[in-house]
Amino acid sequence: MAIGVVERKLLWGRANDECAYPDCSQELTVNLDDPESRVLGNAGAVIGEEAHIRSGSVDGPRYEAKFPRDEIDTYRNLILLCPTHHTLVDKDCGRGYSIEDLEQMRVHHEAAMRATRSTADETSRRISERVAASVKVWEDKMLLEDWQSLTFGLNYTVPLLRDKFRSAMLETSEWLLAKDWPAEFPAVREAFGRFREALNAITTHVLETFDRDGDQRWELEREYKRIGWDPELYEELAAKFQLECAITWCLTIELTKAGNLVVRAVRKEIEPFYRFDEGVLLARDGDGIITMQIVRLEYEDHEWGEKLPAIDLKQWRAIIQAEAEERRARPDAISPYEMVSIIKRQTSREARAE
């Protein structure tokens, strides 16, 4: 487990980016295992250390056997210290400072910092913490840790969706519908609005076109497989399947782009180092045997406040069908990455003309 967006927001925000050791008050810079942090440290910046009150290692400082392993990296077990005082409290395996000493040290420091903040600043901090918590809820509901697995299934030759992802999409879609993001965070509000739109579109598509295939997964419906000898109908249903494949792939691209817009917004307004270690969401496609690629998908050059074209499934189908007819190609034979660009150009042009 790594220190997440909520833990880091609570720890650094409540400590005012200062060392919690009594009478230190050293201003700190976020410490990450990356070249940039090392450059800052070499330049003279004091790198803050997210110190553990209880060690996760048996032979570490203040190890407590009964403490839950999955809470080692949570806020309740962390204290913000400068390197000097981190070394001091951990010296001799932490014999000089007990768990209670460090917990009280953090409590007293945070109380002192709270007293320095205005009512408006304190309110802003609390709202920011709540938004960070909502971001964590979104991560968990949407199963972000399995994003490549989700996109791999949807991008498959015959798009498929495991039960857990289908349930996650439905639950997250409903949760986002009810969510009212604070106006103080316009980028977060905009990004989650776009993610909700993209998620609603692909969820609607899944509900309309996917059939259950086995106990734990759903698959894009292939009606042409279930008819008797009727060449004309077969061709018609096969063409329909090809079009729905193309729609699925394009919507998966759009959903990933929207997810990365959320990452960008959270970094801008909530936590500058959000997903710094994990990175942005990456999509995976191919058959996993002959071809497979992992791609990074984002809204390039998007400015905050700039309206993105609406996702209209009927309009997208018409654009894909027209492009395929013009090329005399199957809809699923055209690169979905290219098709998404075509859809964006045409929908943007039509929106400006209205």
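Residues numbered from 1 in each chain as written. Predicted model: local features only at pLDDT ≥ 70, side-chain atom pairs only at ≥ 80, totals over all residues. Heavy atoms only, no water.

Asks: Can you break down the packing of helix 9 (residues 231–269) against helix 10 (residues 313–327) residue by residue, with the values?
Replies: To describe two helices that pack against each other, one gives the angle between their axes and the distance between the axes. The geometry of helix 9 relative to helix 10 is characterised by a closest axis approach of 10 Å and an angle of 120° between their N-to-C directions. Compared by their axis directions, helix 9 and helix 10 come out oblique. Classified by chirality, the crossing of helix 10 by helix 9 is right-handed. Seen from helix 9, the contacting residues are Leu 243, Glu 244, Ala 246, Ile 247, Cys 250, Leu 251 and Glu 254; seen from helix 10, they are Leu 313, Trp 316, Arg 317, Ile 320 and Gln 321. Of the residues in the contact of helix 9 with helix 10, the class split is 8 nonpolar, 1 polar and 3 charged. (Axes fitted to C-alpha atoms, helices over the stretch in contact; angles between N-to-C directions. Helix = DSSP H or I, 4+ residues; strand = E, 2+ residues; numbered from the N terminus. Parallel < 35°, antiparallel > 145°, perpendicular 65-115°, else oblique. Left-handed = near helix turned anticlockwise from the far one by under 90°. Contact = heavy atoms within 4.5 Å. Nonpolar A, V, L, I, M, F, W, Y, C, P; charged D, E, K, R; others polar.)

Asks: Any details on the pattern of salt bridges? Residues and values, ideally.
Replies: One pass over the full model with this rule turns up 29 salt bridges. For the salt bridge of Glu 197 with Arg 194, the shortest nitrogen-to-oxygen distance reads 3.0 Å. Of this pair, Glu 197 and Arg 194 both sit in helix 8 (residues 186–209), 3 residues apart, which is roughly one turn of that helix. When the shortest N-O distance is used, the salt bridge between Arg 194 and Glu 254 registers 2.7 Å. (Salt bridge = Lys/Arg side-chain N within 4 Å of Asp/Glu carboxyl O.)

Asks: Quick rundown of the packing of helix 8 against helix 9? Include the residues and the values.
Replies: For the pair helix 8 and helix 9, interaxial distance at closest approach is 8 Å and the crossing angle is 160°. The angle between the axes of helix 8 and helix 9 places the two elements in the roughly antiparallel class. Between helix 8 and helix 9 lies a crossing whose hand is left-handed. Broken down by class, the residue content of the contact of helix 8 with helix 9 amounts to 18 nonpolar, 5 polar and 5 charged.

Asks: Any details on the nonpolar core? Residues and values, ideally.
Replies: Of all hydrophobic cores here, the largest spans 93 residues; its most connected members are Leu 81, Trp 138, Met 142 and Phe 195. Here this core takes 18 residues from helix 9, the largest share from any one element. Residue contacts for Met 142: discarding those within four places in its chain leaves Trp 147, Leu 150, Met 169, Thr 172, Phe 195 and Leu 199. (Core = buried A, V, L, I, M, F, W, Y, C linked by side-chain atoms within 4.5 Å. Buried < 20%, exposed > 50% of the residue type's maximum accessible area, 1.4 Å probe, protein only.)

Asks: Run through the sheet that holds strand 3 (residues 160–162), naming residues and quoting values.
Replies: Read from one edge to the other, the open sheet built from 3 strands follows the order 3-5-4, with strand pairing classed as antiparallel. The open sheet has two edge strands with one neighbour each: strand 3 and strand 4 (210–212). Within this sheet the neighbouring strands show an average axis-to-axis angle of 25°, counted without direction. Relative to strand 5 (residues 217–220), strand 4 is paired through 3 bridges, and the arrangement is antiparallel. For Arg 212, the partnering residue across the bridge sits in strand 5 and is Trp 218. Across the face of the sheet, helix 8 comes into contact with strand 3, strand 4 and strand 5 while running at roughly 55° to strand 4. (Pairing = 2+ DSSP bridges.)

Asks: If you had to explain empty space enclosed by the protein to someone new, which residues and values would you point to?
Replies: Empty space among the atoms becomes visible once a probe the size of a water molecule is rolled across them. All told, the structure shown has 2 cavities of 30 Å³ or more when counted by the stated rule. Along its surface, the largest cavity is lined by Thr 209, Leu 220, Glu 221, Arg 222, Glu 223, Leu 237, Lys 240, Phe 241 and Glu 244. At 4 residues, helix 9 tops the list of elements feeding residues into the lining of the largest cavity. When its residues are assigned to classes, the lining of the largest cavity shows 3 nonpolar, 1 polar and 5 charged. The calculated volume of the second largest cavity comes to roughly 30 Å³. Contributing to the lining of the second largest cavity are Leu 161, Arg 166, Met 169, Leu 170, Thr 203, Val 206 and Leu 207. Of all the secondary-structure elements, those providing two or more residues to the lining of the second largest cavity are helix 7 (163–178) and helix 8. Along the lines of polarity and charge, the residues of the lining of the second largest cavity split into 5 nonpolar, 1 polar and 1 charged. (1 Å grid on protein atoms, 1.4 Å probe; cavity = no way out; pocket = protein on both sides within 12 Å on 5 of 7 lines; lining within 4 Å. Points joined across faces, edges and corners; volume = space filled by probe spheres on them.)

Asks: Any details on the packing of aromatic side chains? Residues and values, ideally.
Replies: Following the criterion strictly, the structure yields 9 aromatic pairs and no others. With centroids separated by 4.1 Å and ring planes inclined at 10°, the aromatic side chains of Trp 181 and Phe 192 adopt a geometry described as stacked. Here the residue Trp 181 occupies a position in the loop between helix 7 and helix 8, and Phe 192 occupies one in helix 8, the gap between them amounting to 11 residues. Across the pair, exposure class does not vary: Trp 181 and Phe 192 are buried alike. Ring geometry for Tyr 224 versus Tyr 234: centroids 5.4 Å apart, planes at 85°, classification edge-to-face. On the criterion of sequence distance, the pair formed by Tyr 224 in the loop between strand 5 and helix 9 and Tyr 234 in helix 9 is long-range, its members being 10 residues apart. A relative accessible area of 38% means that Tyr 234 is categorised as partly exposed. Among the aromatic side chains, those forming a connected cluster through ring pairs are Trp 138, Trp 175, Trp 181, Phe 192 and Phe 195. Between Lys 179 and the ring centre of Trp 181, over which it is positioned, the NZ or CZ distance is 5.4 Å. (Phe/Tyr/Trp six-rings, centres within 6.5 Å; stacked < 30°, edge-to-face > 60°. Lys NZ or Arg CZ within 6 Å of the ring centre and 35° of its normal.)

Such coordinate-based values are descriptive only and should not be taken to indicate function.
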